[in-house]
Amino acid sequence: MKILSVNAGSSSLKFQAFEMPEEEVLISGVFEKIGLEDSFYTIKFNGEKIRKEVELKNHDKAFKILMDELLEYGVVESLDEIKGIGHRVVQGGSYFDESVIVDDDVLSKIDELSSLAPLHNPAHIVGIKAAMKAAPNAVEAVVFDTAFHQTMAEENYLYALPYEWCDEYKIRKYGAHGTSHKYVSLRMNEILGRYNTKLITCHIGNGASISAVKDGKCINTSMGLTPNAGLIMGSRCGDIDATIVPYMMKKLNLTPEEMDTILNKKSGLLGISGVSSDSRDIEDGIIKGDSRCDLAQKMYVRRIIDYIAKYYVELGGCDAIVFTAGVGENSVHTRREVIDGLSVLGVKIDEEANNVRGVEQLITAPDSTIPCYIIPTNEELMIARDTYRLSANNERDL
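What comes next concerns the included structure.

This part covers the sheet that holds strand E9 (residues 198-204). Here 6 strands make up an open sheet; going across it, the order is E11-E10-E9-E12-E14-E13 and the pairing mixed. Across the chains shown, the open sheet's two edge strands, defined by having one partner strand only, are strand E11 (217-221) and strand E13 (361-362). By the bridge criterion, 2 bridges tie E13 to strand E14 (residues 372-374) in an arrangement that is antiparallel. Residue Gln361 lies in a different strand from E14, and its bridge partner there is Ile374.

In structure tokens, the structure reads:
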């Protein structure tokens, strides 16, 4: 069965096509600058990467080209061979604790939750509707970043605010990156050969979050109502004293929108270093002796260590720590600093094993009390698995 995994952004569209259940990647790519000047797309097929410059007025146009390319490259002989299209959706609120087939009610709820993810949910709706138009016979499924975190207990997802705010205004912790945390925790359990485990999964990229996973279920996560909670990130501040917000709004005469821009786009590594939101640039700055880059890295690593230590206590121990996503998979320096900071727990790095990028690997010494692994994430595969399951069930129901 051929399944298409899709991740639509406001001006982008990433995709992978799979043969399921074999989980074979048939083709992948990304459409960029949709609705903007200089738009283009890149296709990866049979080990070759092809870039094409083309005007992409909207997501409908991108999906039309995508369908044409699937036919052109012989991935399918007919679009009817695409049995399911799975879409990543950032915010599913408390409505969804699992992936579902799209219907009018699902679309309505995704739209309702747009206020919690204004840059993402509206773009997802556009992508879903474009896919429905391009491949009307395919089952459309949605996979929510928040779904994996819906197993958190009330004491972990509520804020110490007026209790009624949760019911009336949906103010609570939802988390994010759930598809990634679920994938790497499942893979870690496969490596350990058991599922009654206590894991700490670290999705460390430009956006970053850490989750505590017990017996395959999330019991806590660092992101909150929105992705700007928990860790210091590329341009997001993460956890701060809430009173800073009204205080600085008065000092600088800022509107709520201006303050939100500062907290989400001008803070984090960028705000402290004054150089970049990219961890690679921060590491380059450290090598050049930039003291603010050094400070930004120290703060960044400290927050990661803090959350790992917090979840170690909450889990009552830990069977493994997982590093994934852009920085987690590729930054030898950051992983080393985090593991060194956990030495009080008896965690010991294997310097040679850690000197790798983007591969699945054990990176701690044999006598380390907690094994630490790099596990490259694969959110597209998780989307394909859920979409395949829902599509197969739908066919049986018919």
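Another aspect to go through is the nonpolar core. Counting 36 residues, the largest nonpolar core has Ile200, Ile204, Ile210, Ile308 and Ile321 as the members making the most contacts within it. Elements with a contribution of two residues or more to this core: E9, strand E10 (208-214), helix H11 (291-315), strand E12 (320-324), helix H13 (332-341) and E14. The biggest single contributor to this core is H11, with 10 residues. In this view, Ile204 contacts Ser209, Ile210, Leu231, Tyr300, Ile304, Thr324, Ala325, Gly326, Val327 and Gly328; residues no more than four positions away in its chain are not counted. Formed by 29 residues, the second largest nonpolar core is a distinct cluster that contains Ala8, Leu13, Ile34 and Phe63.

All told, the structure shown has 6 aromatic pairs when counted by the stated rule. Arranged with centres 6.1 Å apart and planes meeting at 40 degrees, the rings of Phe15 and Phe31 form a pair that is tilted. Taken as a pair, Phe15 in strand E2 (residues 12-19) and Phe31 in strand E3 (residues 24-32) lie far apart in primary sequence, 16 residues in all. For the residue pair Phe15 and Phe31, the accessibility class agrees, reading buried in each case. With a centroid separation of 5.8 Å and an interplanar angle of 65 degrees, the aromatic rings of Tyr307 and Tyr311 are classed as edge-to-face. Of the two residues, Tyr307 and Tyr311 both sit in helix H11, 4 residues apart, roughly one turn of that helix. One aromatic cluster is present, built from ring pairs that chain together Phe15, Phe31 and Tyr41. The positively charged end of Arg51 is found above the aromatic ring belonging to Phe40, 3.6 Å away from the centroid. Of note, Arg172 hangs over the ring of Tyr157, and the distance from its end group to the ring centre comes to 3.7 Å.

Moving on: the sheet that holds strand E4 (residues 40-45). Taken together, the 8 strands give an open sheet; going across it, the order is E5-E4-E3-E2-E1-E6-E8-E7, and neighbouring strands pair in mixed fashion. On the outer flanks of this sheet lie strand E5 (48-53) and strand E7 (100-101), each paired with one strand and no other.

Checked against the element boundaries, Glu283 lands in helix H10 (residues 279-287). Residues Glu283 and Leu36 lie 247 residues apart in sequence; the distance between their C-alpha atoms is 32 Å. Discounting chain neighbours no more than four positions away, the residues touching Glu283 are Ser331, His333 and Thr334.

Let us now look at H11. Its 25 residues place the ends of H11 36 Å apart at the C-alpha level, agreeing with the 36 Å of an ideal helix rising 1.5 Å per residue. Cys293, Ala296, Gln297, Tyr300, Val301, Arg303, Ile304, Ile305, Tyr307, Ile308, Tyr311 and Leu315 are the residues of H11 that are buried. Phi for Gly316, located one or two positions after H11, is positive at around 75 degrees.

This paragraph deals with unusual backbone geometry. In this structure, the amide linkage connecting Met20 to the following residue, Pro21, adopts the cis form with an omega of 10 degrees. One can find Pro21 in the loop between E2 and E3. Despite not being glycine, Glu23 shows a phi value in the positive range, around 65 degrees. Relative to the elements of secondary structure, Glu23 occurs in the loop between E2 and E3. The backbone phi angle of Lys170 is positive, close to 65 degrees, even though this residue is not glycine. With relative accessibility at 29%, the residue Lys170 sits in the partly exposed group.

Let's shift gears to the environment of Ser277. Considering the arrangement of structural elements, one finds Ser277 in the loop between helix H9 (268-273) and H10. Ser277 sits in the partly exposed class, given a relative accessible area of 25%. With 52 residues separating them along the chain, Ser277 and Leu225 place their C-alpha atoms 22 Å apart. Excluding residues within four positions of it along the chain, Ser277 makes contact with Asn206, Gly234, Ser235, Leu269 and Leu270.

To continue, consider the packing of H10 against H11. Closest axis-to-axis distance for the H10/H11 pair is 7 Å, and the angle between their directions is 130 degrees. Between H10 and H11, the interaxial angle falls into the category oblique. Crossing handedness for the pair H10 and H11: left-handed. When H10 is examined against H11, the residues Ile282, Gly285 and Ile286 are found in contact with a partner set consisting of Cys293, Asp294 and Gln297. For the contact of H10 with H11, a count of residues per class yields 3 nonpolar, 2 polar and 1 charged.

This part covers the pattern of salt bridges. Under the criterion given, the structure shown has 18 salt bridges. A salt bridge links Lys2 to Glu19; the shortest N-O distance between them is 3.0 Å. A residue pair is termed long-range when its members are at least 10 positions apart, and Lys2 in strand E1 (residues 2-8) and Glu19 in strand E2 qualify at 17 residues. There is no split in this pair, since Lys2 and Glu19 are both buried. Of the charged contacts in the structure, one is a salt bridge between Asp319 and Arg194, with a shortest N-O distance of 3.2 Å. You can see Asp319 sitting in the loop between H11 and E12 and its partner Arg194 sitting in the loop between helix H6 (178-192) and E9, a full 125 residues away along the chain. Classification of Asp319 by relative accessible area gives partly exposed; the value is 23%. Accessibility expressed as a relative area gives 32% for Arg194, which makes it partly exposed.

What counts and how
- Residues numbered from 1 in each chain as written.
- Predicted model: local features only at pLDDT ≥ 70, side-chain atom pairs only at ≥ 80, totals over all residues.
- Heavy atoms only, no water.
- Pairing = 2+ DSSP bridges.
- Helix = DSSP H or I, 4+ residues; strand = E, 2+ residues; numbered from the N terminus.
- Core = buried A, V, L, I, M, F, W, Y, C linked by side-chain atoms within 4.5 Å.
- Buried < 20%, exposed > 50% of the residue type's maximum accessible area, 1.4 Å probe, protein only.
- Contact = heavy atoms within 4.5 Å.
- Phe/Tyr/Trp six-rings, centres within 6.5 Å; stacked < 30°, edge-to-face > 60°.
- Lys NZ or Arg CZ within 6 Å of the ring centre and 35° of its normal.
- Expected span 1.5 Å × (residues − 1).
- Axes fitted to C-alpha atoms, helices over the stretch in contact; angles between N-to-C directions.
- Parallel < 35°, antiparallel > 145°, perpendicular 65-115°, else oblique.
- Left-handed = near helix turned anticlockwise from the far one by under 90°.
- Nonpolar A, V, L, I, M, F, W, Y, C, P; charged D, E, K, R; others polar.
- Salt bridge = Lys/Arg side-chain N within 4 Å of Asp/Glu carboxyl O.

Taken by themselves, the reported measurements are silent on function.
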